[in-house]
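This is what each chain is made of:
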Amino acid sequence: RDPRFMDPASGCGMTILGMLRISEKTNLAIFFLLTIAEGQGASVADVARRWTFVSPGYLEEVVAMLRKAGLVTGKKGRGGGYMLALSANDIRILDIVKAVDGPVAIVETPVHKKMRDSTFEGWCVSRRLWGRVQQGVEETLRGITLADLVKEGKQFQPHPQTSPQPSPARRR
């Protein structure tokens with residue numbers, strides 16, 4: 001039994017409130033960090049220009065969260081932009097998720113709330129189950145670094161000599 005997931009009053013494992021969901025902002029944070037991890041840094045405006053699917057203001061909100069968490073540093077003025085504050089090997093995906101979405105959490109459903117207020121024996125088993133799921137998710141996210149994603153991304157980059165060429169248009 002992991003004491004972090006124990007309810008001192010009942011001895012049962014605790015259900016963590018919240019939702020197990022990775023937000024759009026977290027995905028943008030990961031994309032942004034991957035972008036600056038491979039280069040010499042970048043400004044929000046430059047990245048937003050390349051990514052037509054996000055506004056500079058929205059991306060700046062995400063980057064502000066990363067800056068507050070100490071994952072990026074910014075330099076103002078000409079030639080400025082954001083750079084990683086730590087090595088890509090030292091930035092864990094769990095750090096990014098927590099910086100943007102807060103703690104990873106499992107949902108407490110209305111059924112769980114009703115069971116908590118009853119004497120139903122299955123309540124403790126259910127709470128321990130979700131505690132174990134929580135631990136597994138956190139361990140997985142803690143085990144993956146930004147450097148791992150950079151390395152994976154390079155495996156999927158098409159090489160100039162082997163990238164597919166567009167087929168000539170057929171005439172009808």
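Please read all numbers here as calculations on a predicted model, not as lab measurements.

Engineer: Just checking my understanding: could you explain the confidence of the model for the chain for this structure?
Structural biologist: Any residue range with low pLDDT should be treated as having predicted coordinates unsuitable for detailed reading. Here the chain averages 76 in pLDDT, and 67% of its residues register 70 or above. Scored below 50 in pLDDT, residues 1-18 shows 45 contacts in the model against residues more than four places distant or in partner chains. Overall, residues 159-168 carries pLDDT values under 50, and its contacts beyond four positions in sequence, including any with other chains, amount to one contact.

Engineer: Honestly, the side chain of serine 43 in this entry has me stumped. Any pointers?
Structural biologist: Mapped onto the elements, serine 43 comes out in the loop between α1 (24-38) and α2 (44-50). Polar contacts involving the side chain of serine 43 include one to the main-chain amide nitrogen of aspartate 46, which spans 3.0 Å. The contacts of serine 43, once residues within four sequence positions are left out, are Gly80 and Gly81.

Engineer: When you look at the packing of aromatic side chains in this model, what are you seeing that I'm missing?
Structural biologist: When we look at a pair of aromatic rings, we describe it by the centre distance and by the angle of the planes. If you walk through the whole model with that rule in mind, you get three aromatic pairs. Ring plane angle 80 degrees and centroid distance 6.1 Å describe the contact between phenylalanine 31 and tryptophan 51, whose orientation is recorded as edge-to-face. In this pair, phenylalanine 31 is assigned in helix α1 and tryptophan 51 in the loop between α2 and α3 (56-68), connecting sequence segments 20 residues apart. A relative accessible area of 38% places phenylalanine 31 in the partly exposed class. Classification of tryptophan 51 by relative accessible area gives buried; the value is 13%.

Engineer: Is there a simple way to think about the packing of α1 against α3 in this case?
Structural biologist: Two packed helices can be described by the angle between their axes and the distance between those axes. Interaxial distance between α1 and α3 falls to 10 Å at its minimum, and their mutual angle equals 80 degrees. Here α1 lies roughly perpendicular to α3, going by the angle between them. Facing α1, whose interface residues are Glu24, Lys25, Leu28, Ala29, Phe32 and Leu33, α3 presents Tyr58, Leu59, Glu61, Val62, Val63, Met65 and Leu66. Looking at the contact of α1 with α3 residue by residue, the classes come out as 10 nonpolar, no polar and three charged.

Reading guide: rules and limits
Residues numbered from 1 in each chain as written. Predicted model: local features only at pLDDT ≥ 70, side-chain atom pairs only at ≥ 80, totals over all residues. Heavy atoms only, no water. pLDDT = per-residue confidence, 0-100. Contact = heavy atoms within 4.5 Å. Helix = DSSP H or I, 4+ residues; strand = E, 2+ residues; numbered from the N terminus. Polar contact = N/O pair within 3.5 Å; in protein donor to acceptor, adjacent residues only side chain to side chain. Phe/Tyr/Trp six-rings, centres within 6.5 Å; stacked < 30°, edge-to-face > 60°. Buried < 20%, exposed > 50% of the residue type's maximum accessible area, 1.4 Å probe, protein only. Axes fitted to C-alpha atoms, helices over the stretch in contact; angles between N-to-C directions. Parallel < 35°, antiparallel > 145°, perpendicular 65-115°, else oblique. Nonpolar A, V, L, I, M, F, W, Y, C, P; charged D, E, K, R; others polar.

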